[in-house]
Amino acid sequence: MKITTIIGARPQFIKAATVSRAIAQQAQTGQQATPVEETIIHTGQHFDANMSEVFFQELDIPKPDYNLGIGGGSHGRNTGRMIEAIEDVLVREHPDWVLVYGDTDSTLAGALAAAKLHIPVAHVEAGLRSFNRIMPEEINRIVADQLSTLLFCPTRTAEENLGKEGFPHQLTAQTRQTVLNVGDVMYDAALYYGDRAQEKSRIMQPLALSPKAFVLATIHRAENTDNPERLQNIMTALNRIASEMPVVLPLHPRTKQKLVLADFSAVTFIDPLGYLDMVMLEKNARVIITDSGGVQKEAYFHGVPCVTVRDETEWVELVSAGVNYLAGGKKKNIVQAFQKMRDHVFDIENLYGNGSSARLIVEYLSSYSKAENLKQS
Ligand code: UDP
């Protein structure tokens, strides 16, 4: 069975690392009745060394077979160029599956290019919805789900969202699609790389941080960075919190472009981190303040309370569990949310599967590749 994986942005490298590892493991142990061969296309959406290269090195992701070098343009321009370039590769490779992750322009382009060539698409992180179509990510995930044959949901909420939209739970000649709740590959990653981070990362010392005595923050969503007033409010709140407890903020390139760092001098800005250093800071933070999808979940996986600076989240189960406080973009609300969450202690439950999501995905790809229902007429 041939799988072509399409990735391009930081969170996709982390998600794909777990599946690539499951593929390699099954090949090694000979567990897989059908040998699996993976080809990786990196679209180039994230291209800085600390947003891309470092993840391939640290997470042992196989070197991409194709690097398309497409990044830095507008959504439409990038997506169009990606579709064209991915189509060429897919025609040459002719895989049994195209595997796409999450909700970026690379996800959308990969799903569109494959579907038009009648190559079945499997979407990892299917069914997430913010119900806010202003977000580019929401548009990407809705379209990717429509085009996918296997919809790998990370949570029960995602599965229910797809159920409400009429997606089937059984693959037949008529439906040609099925929803499968496999848990979250990021939980697999947190379990696997959490111990490694503890062992290998030295990030705490140079930043002079003590465990449970600092705040880790990340801000990069367009809805925050592209609204100057909102960004100003969020950063002013972080600066105010930093007068009580150190705030460390690894700066996403998009956010860096929009900020005058000197205006928020109490905040410790650092370059984007590799995954192991990031996990180390997550594990040791007192509170995490973020607008990232992945970081909200990682806060939970590592037992750290989270304040989300967005108006809604796809990870609603964390809000219901009381471990993630949805603070929006107002300064006062963010500061109050930090004060409310700083002493919150909790145990984690099985909201995101049991850490075997990547293995399940590979097993499903293998068994469904034999399904007669997939053959195009
Ligand atoms: N991350 C990282 N270094 C950083 C910031 C984030 O390794 O400096 C990781 C983080 O641990 C998580 C992923 O990147 O696994 C989240 O990516 P991002 O916030 O860019 O995207 P989102 O999850 O919002 O799609």
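Here, the structure is the one placed above.
Residues numbered from 1 in each chain as written. Predicted model: local features only at pLDDT ≥ 70, side-chain atom pairs only at ≥ 80, totals over all residues. Heavy atoms only, no water.

Asks: Whenever I open this one, the pattern of salt bridges confuses me. Can you help?
Replies: If charged atoms from side chains of opposite charge come close, those side chains can pair. A complete count under the given rule lists 20 salt bridges for this structure. Note that R221 is salt-bridged to E137, the shortest N-O span being 2.8 Å. Here the residue R221 occupies a position in the loop between β8 (215-218) and α8 (222-225), and E137 occupies one in helix α5 (residues 136-147), the gap between them amounting to 84 residues. The pair R221 / E137 is uniform in exposure class, with both members buried. It is possible to trace a salt-bridge network through shared partners that takes in D103, E138, R141, E223, R310, E312 and E314. (Salt bridge = Lys/Arg side-chain N within 4 Å of Asp/Glu carboxyl O. Helix = DSSP H or I, 4+ residues; strand = E, 2+ residues; numbered from the N terminus. Buried < 20%, exposed > 50% of the residue type's maximum accessible area, 1.4 Å probe, protein only.)

Asks: Whenever I open this one, the nonpolar core confuses me. Can you help?
Replies: Nonpolar side chains tend to gather and get buried jointly when the protein is soluble and globular. Grouped together as the largest cluster of nonpolar side chains are 59 residues, with contacts concentrated most on V19, W97, F152 and L365. In this structure, A217, M235, L249 and L251 belong to the second largest nonpolar core, which totals 28 residues. (Core = buried A, V, L, I, M, F, W, Y, C linked by side-chain atoms within 4.5 Å.)

Asks: Can you walk me through the site of the ligand in this structure?
Replies: Looking at the ligand, there are 19 residues lining it, with L273, S292, G293, G294 and E298 nearest. In this structure, G293 approaches the ligand through a main-chain N or O atom, which is 2.9 Å from an oxygen atom. A distance of 2.6 Å separates an oxygen atom of the ligand from a polar atom in the side chain of E298. Contact with the protein chains covers 96% of the free accessible surface of the ligand, which is 540 Å². Of all the secondary-structure elements, those providing two or more residues to the shell around the ligand are α1 (10-29), α11 (275-284) and α12 (293-301). In terms of residues, the shell around the ligand owes the most to one element, α12, which gives 4 residues. Here the residues of the shell around the ligand are counted per class, giving 10 nonpolar, 5 polar and 4 charged. (Near = heavy atom within 4 Å. Polar contact = N/O pair within 3.5 Å; in protein donor to acceptor, adjacent residues only side chain to side chain. Areas by Shrake-Rupley, 256 points an atom, 1.4 Å probe, with all protein chains shown as cover. Nonpolar A, V, L, I, M, F, W, Y, C, P; charged D, E, K, R; others polar.)

Asks: Hey, could you run me through the pairing of strand β1 (residues 2-7) in this one?
Replies: Of all 6 residues that make up β1, 5 are buried, and the element is covered over most of its length. As paired elements, β1 and strand β2 (residues 37-42) share 6 bridges and run parallel to each other. By the bridge assignment for β2, T4 is matched with T39. Inspection of the sheet shows β1 paired to strand β4 (residues 97-101) by 4 bridges, in the parallel sense. The residue of β4 that forms the bridge with T5 is L99. (Pairing = 2+ DSSP bridges.)

Asks: What should I look at first to understand the sheet that holds β1 in this one?
Replies: Backbone hydrogen bonds hold the strands of a sheet together, and the pairing may be parallel or antiparallel. In spatial order, the strands read β3-β2-β1-β4-β5-β6-β7; together these 7 strands make up an open sheet with parallel pairing. Since the sheet does not close on itself, it has two edges, and those belong to β3 (66-67) and β7 (178-181), each with one partner. As paired elements, β4 and strand β5 (residues 121-124) share 4 bridges and run parallel to each other. Each residue of the ladder has a partner; that of Y101, found in β5, is V124. On the sheet, helix α3 (residues 75-93) packs against β1, β2, β3 and β4 and is oriented at approximately 165 degrees with respect to β1. (Contact = heavy atoms within 4.5 Å. Axes fitted to C-alpha atoms, helices over the stretch in contact; angles between N-to-C directions.)

Asks: Could you clarify how one ought to interpret α3 in this entry?
Replies: End to end, α3 covers 26 Å across 19 residues, agreeing with the expected 27 Å (1.5 Å per residue, within 8%). Listed as buried for α3 are N78, T79, M82, A85, I86, V89, L90 and E93. Down the axis, α3 shows its buried residues gathered within 145 degrees of arc, on one side only. Facing away from the buried side of α3, by more than 90 degrees, are the exposed residues G76, R77, E84 and V91. Looking at the buried residues of α3, the elements they touch are β1, β2, β3, β4 and α4 (105-116). (Expected span 1.5 Å × (residues − 1). Arc of directions from axis to C-beta.)

Asks: How do you make sense of the sheet that holds strand β12 (residues 306-308) when you look at a structure like this?
Replies: The 6 strands are arranged β10-β9-β8-β11-β12-β13 in an open sheet whose pairing can be described as parallel. The sheet terminates laterally at β10 (268-270) and β13 (324-326), the two strands that pair on one side only. Neighbour to neighbour, the strand axes of the sheet diverge by 20 degrees on average, direction disregarded. As judged from the 3 bridges shared by strand β11 (residues 287-290) and β12, these two strands associate in the parallel manner. When the bridges of β12 are listed, T290 appears paired with T308. Lying on the sheet, helix α9 (residues 228-241) is in contact with β8, β9 (247-250), β10 and β11; it crosses β9 at an angle near 140 degrees. Here α12 sits on the sheet and contacts β8, β11, β12 and β13; the angle it forms with β11, its principal contact strand, is near 170 degrees.

Asks: Even after reading the chapter, I still don't get the pairing of β8, so can you show me in this structure?
Replies: Successive side chains on a regular strand alternate, one facing one side of the sheet and the next facing the other. Burial of the side chains of β8 extends over both faces: V215 and A217 are buried on one face and L216 and T218 on the other. Sheet topology note: the β8/β9 ladder contains 2 bridges and is parallel. When the sheet's bridge partners are listed, L216 is paired in β9 with V248. Sheet topology note: the β8/β11 ladder contains 4 bridges and is parallel. If you follow T218 over to β11, its bridge partner there is T290.

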